[in-house]
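One-letter residues, chain by chain:
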Amino acid sequence: MKTIKLMVMVLIMISPALHAQKSDSMDTLSVWVNGACGMCKDRIESNALKIRGVQSAVWDLSTKTLTIRHNDKFKEDNLLYALASVGHDTRKYTAPDAVYNALPACCHYRTVESHGAELEHGPGDRPGSGPGLKPGTVAGTVFERLDEDVQPLPGTNVYWSGTLTGVTTDAEGRFEIALQPGVRTLVFSFVGLGTDSVLVEEPGMLEVELSNATTLEEVEIVYRRPGTRIELDGAFDLQRIDNKELLKAACCNLSESFETNPSVDASVTDAVTGTRQIEMLGLAGKYVQITQENMPLIRGLSSLNGLGFVPGSWIDGIQLNTGTGSVVNGFESITGQINVELKKPKNGEALYVNLYGNSAGMSEANVNTAVDLNEHLSTGLLVHGKFQPFSLDHNMDGFMDHPAEKSGVFMNRWSWFNDKGLETRFGIKAVTSRTNSGQVAYDPEQNPEDQSAWGAALNTDRLEAFLKMGKVFPDKPFSSVGFQVSGMVHDMDAFFGRRTYTGRQGSLYANLIYQGILGNTNHQYRTGASFQFDDYAETFLAEDYRMREAIPGVFLEYTYNRLDRFTVVSGIRADRHNLYGLFVTPRLHLRYATLDGTVFRAMIGRGQRTPNVLLENLGFLASSREFIFEDAGSGDQGIRMNPEVAWNTGASVAREFNVSGKTALVKLDYYYTWFTNQVIVNLDRRTDAVIFQSLDGPSHSHSLQAQVNYEWFRNFNTRLAYRFNEVTQSIDGTMLSQAMTPRNRAFLNVSYETAGRWMFDATLTWQGAKRIPDTRMNPEEFQLDAFSPDYFLVNSQISKSFGGKFDVYAGAENLLDFRQDSPILDAANPFGDNFDASLIWGPVFGRKSSHGKERRKISKNGTVQLTDKQ
């Protein structure tokens, strides 16, 4: 047996040389062709072989490179045009939208915008797989005979007799289905054609021809891609959220983009500023690495309100990875990574206008444009404005329900590429924001020291720039190099009552990535080096603090993929912090898919982050609490506490199966996070202080989530989930549940779209009880219960698209109008000892309706494009 294996390996190794000897007259050409899966590979290679002069064609998924051997009769332009005609973008030609949209869902590569190797690698991007039949499966093509000719038959139902296990042939009539124990009869049926069956004894390839029982004048195949897709391929636990999902909720920015997703919680930090924060796995959003096209987005000063500076109308898609992410993207991911993809100049609308208003008096305007200056250079302009001139006081506590705000965000992007595999993207972004909140009687035009009313202000100015370059090597089609660099300056001025804060941050980030293979595409690797620099200058209560971080690092990530059934991604990186020294970040992700399509995943990894304890907890200034920093140094290096370090391990199982002809998905996740060091925010020792101390004892989080997605009938979808969180910390020697985190949460999203383009969406969320920090030291009238009550939230929306020219919608948030009673303690005496607006366990704002939103999308060629039509 060993001799036979050795002979096979020798033959495999020498076969390219033998082929080369027979093809001395042939030339080799490598071109970039976009695609997303093995089905794309088959389509690209088969159509390339149809071009005159092409002798062989091999397309690699990981690099998007098609390598062909051809004779002197070959013309490159014929190849590029033919590939675009069947739905695959090339450097020279873009596939028509109608052809692209008709591709199967797994082939929709534009969702993740994969142009340019290593330019847009999202968390969990899966390496390519080689050709060949998967073990334990039957595959083939279904044909229809028309007179003397035959043609592939898409949309044919293929299922095992007596079971609910089945598939549908793709646009080229192809199918692949796993063998079922004890079942040997495979049935093929198509409406209007006869039904046939085949006796299957073992894995193999089939060609099936259905007879023409009834003549059909026209067959239309429409695939409806879900707005949120749970990826079953790849080793990372990944969800992809596209702009169709974002249209389901009246969201205006990134912080409000997860209302229909059960994996992410959103809440407000306090009852005054309305600043929103997110949570994953029961832990605060600061443990989630949030990036924009895989470069830092929320970091340092932007951690307070930076999510609000990413307008929803700019977002093309979101990649949500649960657990530690890839080491290529850094060391800070602990509970997950959220990567935001913005609209690109090359594929953006020539004109997009979005107007929004709600019952709270807020109005927004968004204008996006994109222009192709020539076949290689494109530019796009994104403009956002928000205006809320006043705020109401519905609960009559004397404080504004919403802050008054004026803000603007501007972005200019450029994209350039050439025919030699080089692509470049660069751009700038500017943010300016002015918000005022506090008591209704507060006058923001007067000096806070000169008036008796309590007020708060948060003013932000930010400027950032980025450059990304990627290069695919034509002579090494499986190799590529990418370079990312970004820089920003962020200024913030704030005051809360009589307390002031100012901050300035300058940051620089660079990442160099090289990708290649070891022998074949089953063994891939990515390696490179990164550098992160942050310079903070802060003033708090007339005290100046300064901290500089310089962190160079190197990384290596190896991926092994075996027949798309078993995948290992192992990575390690080493970074040296100028203040904390050298540290190592290992991570391991595993995936195994059974013959019946069940996918098992497991992972373990380490994450580390530098806490900015002052800025990350600025919301506590909306109280009379004193800030006390235990175990912290200060002075030249700011309010310095040791890095937060945690390990995260998890496992998941997911399965798609057929129920009554519809696809259902069931997924079960469990994640365990434990900290070896953490900054504890202690609100229990004293009601007049917030104490920051280093962890002295255990701190961990258990998170278990079950989810079921199902389409009951055409365009009527449900998403049902339940999550259990147990988050405990050692606080002053006692294990306590993390404050304001529910142990139980249930979620139901229902959506329906009619043939007339009416869309209905509703989300019901149940939040279980949350522990409230100890308030027994307060006077009796300002003491709270130990736990909050549970409650329900309902958000809904109705939208209508008129002929593809514009859309309007009406929506409501917190439809049941549930609000936390007295969210501000001692609101009548904000300068007193018992004032506290930070103990928020439920909604602060009541029912809010949105109205008058209009979307107008015009493509570059003057026709209308609807991004919500899949």
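Since the structure is predicted, the reported quantities are computational estimates derived from the model, not experimental observations.

What about the overall build of the protein chain?
- Helix and strand content of the protein chain: five helices and 46 strands.
- Residue burial in the protein chain is summarised as follows: out of 870 residues, 56% are buried.
- Summarising the internal contacts of the protein chain: among those between residues at least 6 apart in sequence, 64% fall at separations of at least 24.
- Total accessible area on the protein chain stands at roughly 36,000 Å², and carbon and sulfur atoms take up 57% of it.

Some points on the packing of aromatic side chains
- Taken as a whole and assessed by the stated rule, the structure comprises 25 aromatic pairs.
- Seen from their ring centres, Tyr 672 and Trp 674 are 5.2 Å apart, and the 20 degrees between their planes marks the pair as stacked.
- Look at Tyr 672 and you get partly exposed, because its relative accessible area is 23%.
- Look at Trp 674 and you get partly exposed, because its relative accessible area is 27%.
- Chaining the aromatic ring pairs together yields one cluster made of Phe 540, Phe 627, Phe 629 and Phe 692.

Description of the pattern of salt bridges
- All chains considered together, the criterion is met by 34 salt bridges.
- In this structure, Asp 237 engages Lys 667 in a salt bridge whose closest nitrogen and oxygen atoms are separated by 2.9 Å. With a gap of 430 residues between them, Asp 237 in strand E13 (residues 237–242) and Lys 667 in strand E36 (residues 662–677) connect regions that are remote in the sequence.
- We classify Asp 237 as buried; its relative accessible area is 5%.
- The exposure class assigned to Lys 667 is buried, which follows from its relative accessible area of 5%.
- Between Arg 685 and Glu 630 there is a salt bridge, and its shortest N-O distance comes to 2.8 Å.

Re the nonpolar core
- Core analysis: the biggest nonpolar cluster contains 40 residues, and Trp 454, Met 492, Phe 496, Tyr 501, Leu 618 and Phe 627 have the highest contact counts within it.
- Elements with a contribution of two residues or more to this core: strand E26 (455–473), strand E27 (476–496), strand E29 (520–540), strand E30 (543–562) and strand E38 (689–694).
- Residue contacts for Phe 496: discarding those within four places in its chain leaves Thr 273, Trp 454, Gly 455, Ala 456, Leu 618, Leu 621 and Ala 622.
- Listed in part, the 28 residues of the second largest apolar core include Val 288, Leu 320, Met 411 and Tyr 509.

Focus: unusual backbone geometry
- A positive phi angle, near 60 degrees, is found at Met 396, a position not held by glycine.
- A positive phi is found at Leu 541, a non-glycine position, where the angle reads about 50 degrees.
- With respect to the helices and strands, Leu 541 occurs in the loop between E29 and E30.

Regarding helix H2 (residues 38–48)
- Within H2, the full set of buried residues consists of Cys 40, Lys 41, Arg 43, Ile 44, Glu 45, Asn 47 and Ala 48.
- For H2, the elements touching its buried residues are strand E2 (54–60), strand E3 (65–70), helix H3 (76–85) and strand E8 (174–178).

As for a nonpolar patch on the surface
- On the surface, a cluster of nonpolar side chains totalling about 400 Å² of accessible area is made up of Leu 351, Val 367, Leu 381, Val 383, Phe 410 and Ile 428.
- Among the structural elements, Val 383 can be located in strand E23 (residues 377–388).

Points about the confidence of the model for the protein chain
- On average, residues of the protein chain score 83 in pLDDT, and 86% of them reach the 70 mark or higher.
- Low pLDDT, under 50, characterises residues 1–24; the predicted model gives this stretch two contacts beyond four residues in sequence or across chains.
- Low pLDDT (under 50) marks residues 856–870, which in the prediction has 48 contacts with non-local residues, meaning those over four places away or in another chain.

What about the sheet that holds E2?
- Spatially, the three strands line up as an open sheet ordered E1-E3-E2, and their pairing is antiparallel. Lying at the two open borders of the sheet, with one neighbouring strand each, are strand E1 (27–32) and E2. Ignoring which end each strand starts from, the neighbouring axes of this sheet average 20 degrees apart.
- H2 rests against E2 and E3 of the sheet, and its axis sits at about 160 degrees to E2.
- Against the sheet, H3 engages E1 and E3, with an angle of about 35 degrees to E1.

Here's the deal with the environment of Arg 499
- By the element assignment, Arg 499 lies in strand E28 (residues 499–518).
- Once the C-alpha coordinates of Arg 499 and Ala 456 are considered, the two residues, 43 residues apart in sequence, prove to be 9.2 Å apart.
- Ignoring any residue separated from it by four or fewer positions in sequence, one finds Arg 499 in contact with Ala 494, Leu 541, Phe 620, Leu 621, Ser 623, Ser 624, Arg 625, Glu 626 and Phe 627.
- A distance of 3.5 Å separates a polar atom in the side chain of Arg 499 from the backbone oxygen of Leu 621.
- Polar contacts involving the side chain of Arg 499 include one to the main-chain carbonyl oxygen of Ser 623, which spans 2.6 Å.

Criteria and cut-off values
Residues numbered from 1 in each chain as written. Predicted model: local features only at pLDDT ≥ 70, side-chain atom pairs only at ≥ 80, totals over all residues. Heavy atoms only, no water. Helix = DSSP H or I, 4+ residues; strand = E, 2+ residues; numbered from the N terminus. Buried < 20%, exposed > 50% of the residue type's maximum accessible area, 1.4 Å probe, protein only. Contact = heavy atoms within 4.5 Å. Areas by Shrake-Rupley, 256 points an atom, 1.4 Å probe, with all protein chains shown as cover. Phe/Tyr/Trp six-rings, centres within 6.5 Å; stacked < 30°, edge-to-face > 60°. Salt bridge = Lys/Arg side-chain N within 4 Å of Asp/Glu carboxyl O. Core = buried A, V, L, I, M, F, W, Y, C linked by side-chain atoms within 4.5 Å. Patch = residues over 30% accessible without salt bridge, like charges linked within 9 Å, V, L, I, M, F, W, Y side chains within 5 Å. pLDDT = per-residue confidence, 0-100. Pairing = 2+ DSSP bridges. Axes fitted to C-alpha atoms, helices over the stretch in contact; angles between N-to-C directions. Polar contact = N/O pair within 3.5 Å; in protein donor to acceptor, adjacent residues only side chain to side chain.

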